[in-house]
Each structure stands twice: as structure tokens, then as C-alpha cells.
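For reference, the chains in residue letters:
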Amino acid sequence: VITVYSNILEGYNGNEIVEKLKTNLKNFQISETNNFSFTGEQEEQQKNMSFLLTALLLAVAGITLIIVLQFNSISKPIIIMTAVLFSFTGVFMGLIIFQMDFVIIMTMMGIISLAGIVVNNAIVLIDYTILLINEKKEQLKIPKEKRLALTDFINCTVAAGKSRLRPVLLTAITTILGLIPLAIGLNINFFTLFTDFDPQIYIGGDNVIFWGPLAWCVIFGLSFATFLTLVIVPVMFILTDRIKRYFSKKESIILQN
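To start, this report covers the structure provided alongside it. (Residues numbered from 1 in each chain as written. Predicted model: local features only at pLDDT ≥ 70, side-chain atom pairs only at ≥ 80, totals over all residues. Heavy atoms only, no water.)

### A word on a nonpolar patch on the surface
Then comes step 1: Taken together, the side chains of L165, L169, I173, L177, I180, I184, L186, I188, F190, F194, I201 and I203 present a nonpolar region at the surface, about 1,100 Å² in accessible area.
Then comes step 2: For the nonpolar patch, the secondary structure elements donating two or more residues are α5 (150–184) and α6 (190–195).
Then comes step 3: Broken down by element, the residue count for the nonpolar patch peaks at 6 residues, all from α5.
Then comes step 4: Within the secondary structure, I184 sits in helix α5.
Then comes step 5: On the basis of relative accessibility, which here comes to 31%, the residue I184 falls in the partly exposed class. (Patch = residues over 30% accessible without salt bridge, like charges linked within 9 Å, V, L, I, M, F, W, Y side chains within 5 Å. Areas by Shrake-Rupley, 256 points an atom, 1.4 Å probe, with all protein chains shown as cover. Salt bridge = Lys/Arg side-chain N within 4 Å of Asp/Glu carboxyl O. Helix = DSSP H or I, 4+ residues; strand = E, 2+ residues; numbered from the N terminus. Buried < 20%, exposed > 50% of the residue type's maximum accessible area, 1.4 Å probe, protein only.)

Following this line, the structure appears as C-alpha cells:
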């Protein structure tokens, strides 16, 4: 067994270098009795990635199951989980725009945390929309199993969006502002602050290397997901209602014939 190892110079990404090595080794002729593999940090990253992907899938499956039981519906959980999946796009866009590295453990933990926040905002919006629709049915004395007129349905959805605009924005803004000190590594020495009135404030340090990727992941994803919650979720809610109306009309025409 021959082991070749090396440290990574500052300013270079280890994963990118390994990918280049893999590309070059494809054209390198090796006898059938020999083989090669990447161990050490790369092997640990693959193990962590597979574990965190499994954790993410279990978390999404658990959230979906709870939402299905709560709403007793399939369309509404699909809308909510679509917003969650789209929020992951915001994470990758932020990493690409600001040219940040994808840190396996902390970035994946940030994505799992982000799913819970996005689900919460979408549930609040859809639940309030359903509440307004039921109140409108009571006012018009329409049975719960029947649908509102499309105009009334859209008006209820718009009213719910206006009413929940402030809570959704406040949730996003407070979370983002709360994570910024963690993302930039804002350090305060509270011991010297109370003893010598010297807080020793500085930005950076070792802790930002560890916690920074998680914080930036949630910040990027939540910034993008807030737009999704306020715009895409109501639009998808109306579209699914229109699709249900279309199929119910088709079904009634078939029964009449």
C-alpha cells in the first residue's frame, strides 16, 4: 500500500483539487491488479455527507407526514414542501454569488434547520387562508364541502397574504439579523466587559470558520424563501384550487352523460 498525502495551501479548496486529481487519473493507465482511492478527510466527508442526506430526507419525510395529518390533505403539503425545496435554491445561489465554499457538515446542518423555518412560515400563511375561506363560507351560508366562487377564493387568499405579511417578514428579518453576528464572527469578551469595562470586540476568529457556513446558509435560504412564502405559496394555492375545479367540472360532465 502506497499512501500519498499533502496539506492544502491557503486560498485553495481541497475538494476542487481532488476533483482535478480524479479527472487526471481517469486517463492514467493502471494495471487491473491495482486500484486507488481517496481516504483521510475526503473519506470522512463522504461519510458525513451520506449521513446528513439521510437525516435531511428523514426530516422532510417527517415534516410531510405531520402536515398531511394536520391539514388532512395532499395538495397543501405539496405546496409547503415545494417552497422548502425551492428555498434550497437560495442557499446554492448565495454560495455561488458570494463565492463561498460548500462545507459538508455545517452547510448541510444549515439546510436542515432552514427546512423547519420555511415550513413554519408556509403553514402559518396557508392555515390563515383556510380560516378566512371557512369564515367566508359561513357568511355566504355555503356548506363546507362546496367551493367558494373563484373571485371570493382569490380575495381570501390575497387578504391572508396581506395579513400575514408582517409576521412572515418579522420572522425572516429577526432570524437574519440574529445570525449575522454568528456569520461574521462578532466576538465580545463579557468577562472583561464586566470586570474592566473592556469588551474586546473583534470580528473573525476560529469560531467563524466553524459556525459561519451554517449561519450564511440559513441567511441565504431564508432571504429567498421569504419571497417564496409571500408570492409563490399563494399563487400555487390558487392554481391547485383551479386544477381541482377543472377536474370536478370534468367529473360532473361525465356523470351527467
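### Description of the packing of helix α3 (residues 75–97) against helix α4 (residues 104–140)
The relative placement of two packed helices is expressed as an angle between their axes plus a distance between the axes.
Then comes step 1: Between α3 and α4, the shortest axis-to-axis distance is 9 Å and the interhelical angle comes to 140°. Comparing their axes, α4 and α3 come out oblique. For the pair α3 and α4, the sense of crossing is right-handed. Here K76, I79, I80, M81, A83, V84, S87, F88, V91, F92 and L95 of α3 come into contact with α4, specifically with T107, I111, L114, A115, V118, V119, A122, I123, I126 and I130. (Axes fitted to C-alpha atoms, helices over the stretch in contact; angles between N-to-C directions. Parallel < 35°, antiparallel > 145°, perpendicular 65-115°, else oblique. Left-handed = near helix turned anticlockwise from the far one by under 90°. Contact = heavy atoms within 4.5 Å.)

### Here's the deal with the packing of aromatic side chains
Then comes step 1: One pass over the structure, following the stated rule, counts 5 aromatic pairs.
Then comes step 2: Judged by centre distance (5.4 Å) and plane angle (5°), the ring pair of F98 and F220 falls under stacked. Here the residue F98 occupies a position in the loop between α3 and α4, and F220 occupies one in helix α7 (residues 206–256), the gap between them amounting to 122 residues.
Then comes step 3: We classify F220 as buried; its relative accessible area is 9%.
Then comes step 4: Note on F153 and F237: the rings are 5.4 Å apart at their centroids and 15° apart in plane angle, and the pair reads as stacked. Remark: F237 occurs in helix α7 and F153 occurs in helix α5; sequence separation between them is 84 residues. F237 carries the same exposure label as F153, and that label is buried.
Then comes step 5: Among the aromatic side chains, those forming a connected cluster through ring pairs are F98, W216 and F220.
Then comes step 6: Note that R164 overlies the ring of Y128, its terminal NZ or CZ placed 5.2 Å from the centroid. (Phe/Tyr/Trp six-rings, centres within 6.5 Å; stacked < 30°, edge-to-face > 60°. Lys NZ or Arg CZ within 6 Å of the ring centre and 35° of its normal.)

### Comments concerning the nonpolar core
Then comes step 1: Of all hydrophobic cores here, the largest spans 43 residues; its most connected members are I80, V84, F88, I111 and I126.
Then comes step 2: Those elements that place two or more of their residues in this core are α2 (41–71), α3, α4, α5 and α7.
Then comes step 3: If we ignore the near neighbours within four places in the chain, the residues touching I111 are L56, F88, V91, F92, F102 and C217. (Core = buried A, V, L, I, M, F, W, Y, C linked by side-chain atoms within 4.5 Å.)

What is shown is where atoms sit, not what they do.
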